[in-house]
Amino acid sequence: MAASRVNLGFRMWMPNMPMILLHASHATASTPAQAIFRILPRMTKHEVKEYLTKIYNLPVVQVRTQNYLGKRMRIIGKRQVVYAKRPDYKKAFVTFDSSLADTGLGSRVPGMEGNDIEE
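In this text the structure is predicted, and so the values were computed from the model without any measurement.

This paragraph deals with unusual backbone geometry. You will see that Asn57, though not glycine, has its phi angle at about 55°, which is positive. Positionally, Asn57 belongs in the loop between α1 (45-56) and β3 (60-68).

Written out as structure tokens, the structure reads:
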């Protein structure tokens, strides 16, 4: 029985790295646009920058990160005390290029109900 060959002509890498947008601020005259993401602790600054530039075509200038330990909890029951811990996480503070003035929050999406009001 012959082994089947997989067509390796077109391979696409789809990231398995969730990034949750926590906060974003528009650019002003003195500060560029910035965003804060919650990311996995194993992600690096370089991976965050590549993720945003290659997938979303965003002009990233700087990425700063902070590690956070998950909250430790003591759950008191009727017969015993159980100790638990929330998972650790990391925050990424991303600064964009001055060409990106608006982060897109609150923008109008054409075709959506309620957005078709004429001004």
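Take the confidence of the model for the protein next. On average, residues of the protein score 81 in pLDDT, and 73% of them reach the 70 mark or higher. Within the model, the stretch residues 115-119 combines pLDDT values under 50 with 5 contacts to residues more than four positions away or in other chains.

Counted by the stated rule, this structure contains 2 aromatic pairs. Between Tyr68 and Tyr89, the aromatic rings sit 5.1 Å apart at their centres with planes inclined by 10°, giving stacked as the arrangement. Here the residue Tyr68 occupies a position in strand β3, and Tyr89 occupies one in strand β6 (residues 89-96), the gap between them amounting to 21 residues. By relative accessible area, Tyr89 is classed as partly exposed at 21%. Sitting above the plane of the Tyr89 ring, Arg38 keeps its charged end 3.9 Å from the centroid.

Further remarks concern the pairing of strand β2 (residues 34-39). In terms of strand pairing, strand β1 (residues 20-25) meets β2 through 5 bridges, oriented antiparallel. Paired with His23 across the bridge in β2 is Ile36. Summarising the sheet, β2 and β6 pair through 6 bridges and their orientation is antiparallel. By the bridge assignment, Ile39 is partnered in β6 with Lys90.

A cluster of nonpolar side chains, namely Ile76, Val81 and Tyr83, defines an oily patch on the protein surface of about 360 Å² accessible area. Mapped onto the elements, Tyr83 comes out in strand β5 (residues 81-85).

Conventions adopted
- Residues numbered from 1 in each chain as written.
- Predicted model: local features only at pLDDT ≥ 70, side-chain atom pairs only at ≥ 80, totals over all residues.
- Heavy atoms only, no water.
- Helix = DSSP H or I, 4+ residues; strand = E, 2+ residues; numbered from the N terminus.
- pLDDT = per-residue confidence, 0-100.
- Contact = heavy atoms within 4.5 Å.
- Phe/Tyr/Trp six-rings, centres within 6.5 Å; stacked < 30°, edge-to-face > 60°.
- Buried < 20%, exposed > 50% of the residue type's maximum accessible area, 1.4 Å probe, protein only.
- Lys NZ or Arg CZ within 6 Å of the ring centre and 35° of its normal.
- Pairing = 2+ DSSP bridges.
- Patch = residues over 30% accessible without salt bridge, like charges linked within 9 Å, V, L, I, M, F, W, Y side chains within 5 Å.
- Areas by Shrake-Rupley, 256 points an atom, 1.4 Å probe, with all protein chains shown as cover.
- Salt bridge = Lys/Arg side-chain N within 4 Å of Asp/Glu carboxyl O.

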